[in-house]
Amino acid sequence: MRQWTPEQRQCIEARGGTLLVSAAAGSGKTSVLVQRVVRLITDPDRAVDVDRLLVVTFTKAAAAEMKQRLSAELSRLLAERPEDRRLQRQLMLLPRANISTVHGFCSTLLRENFHLLDLSPQFKVAEEAETQLLREEAAGEILEECYG
């Protein structure tokens, strides 16, 4: 069994609200979050289905790794307790879990609610190159207006 630092243990065991985990690369954030999610979905008194949680990361790779590690941990637990229907259910719900990037979550939120926001359902998220061009164009227009 892994030995957690006091700070990591605090993140894993904290309940009753939102949690922000911020630490340096390689410090074990993903392992801590995986353990936290596993504990939340297997809590004997207040279990939550994995697809009812929101886990937001900064990169697509981190989100994919989080889902992969959760799948591996749930599979490991299920191998130890094959009769555990709750674990079976969580493993089945995992593909629907809301584990994504900040941009991915916001995009999903907008796509699901475009009609409430007077937004076209065909909107798209601009690529970095597009946003750079738009910034340059806007700056050029502003400078032209100021010099005019």
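What you are looking at is a predicted structure, and each value in this text was computed from that prediction instead of being measured. (Residues numbered from 1 in each chain as written. Predicted model: local features only at pLDDT ≥ 70, side-chain atom pairs only at ≥ 80, totals over all residues. Heavy atoms only, no water.)

Visitor: Pulling in residues and values, what's your account of helix α1 (residues 6-13)?
Guide: Every buried residue belonging to α1 is among Q8, C11 and I12, and all of these are buried. On an axial view of α1, the arc spanned by its buried residues comes to 100°, and they lie on one face. Turned more than 90 degrees off the buried face of α1, the exposed positions are P6, E7 and Q10. Against α2 (29-42) lie the buried residues of α1. (Buried < 20%, exposed > 50% of the residue type's maximum accessible area, 1.4 Å probe, protein only. Helix = DSSP H or I, 4+ residues; strand = E, 2+ residues; numbered from the N terminus. Arc of directions from axis to C-beta. Contact = heavy atoms within 4.5 Å.)

Visitor: Break down the pattern of salt bridges for me, citing the residues and quoting the values.
Guide: Under the counting rule described, the total for this entry stands at 11 salt bridges. When the shortest N-O distance is used, the salt bridge between R39 and E13 registers 3.5 Å. Of the two residues, R39 sits in helix α2 while E13 sits in helix α1, which places them 26 residues apart along the sequence. Classification of E13 as partly exposed rests on a relative accessible area of 38%. Linking R86 and D49 is a salt bridge whose minimum nitrogen-to-oxygen distance equals 3.0 Å. Taken as a pair, R86 in helix α4 (residues 85-93) and D49 in the loop between α2 and β1 (54-57) lie far apart in primary sequence, 37 residues in all. Judged by relative accessible area, R86 falls into the partly exposed class, the value being 27%. Beyond isolated ion pairs, a larger network of salt bridges with shared partners links R9, E13 and R39. (Salt bridge = Lys/Arg side-chain N within 4 Å of Asp/Glu carboxyl O.)

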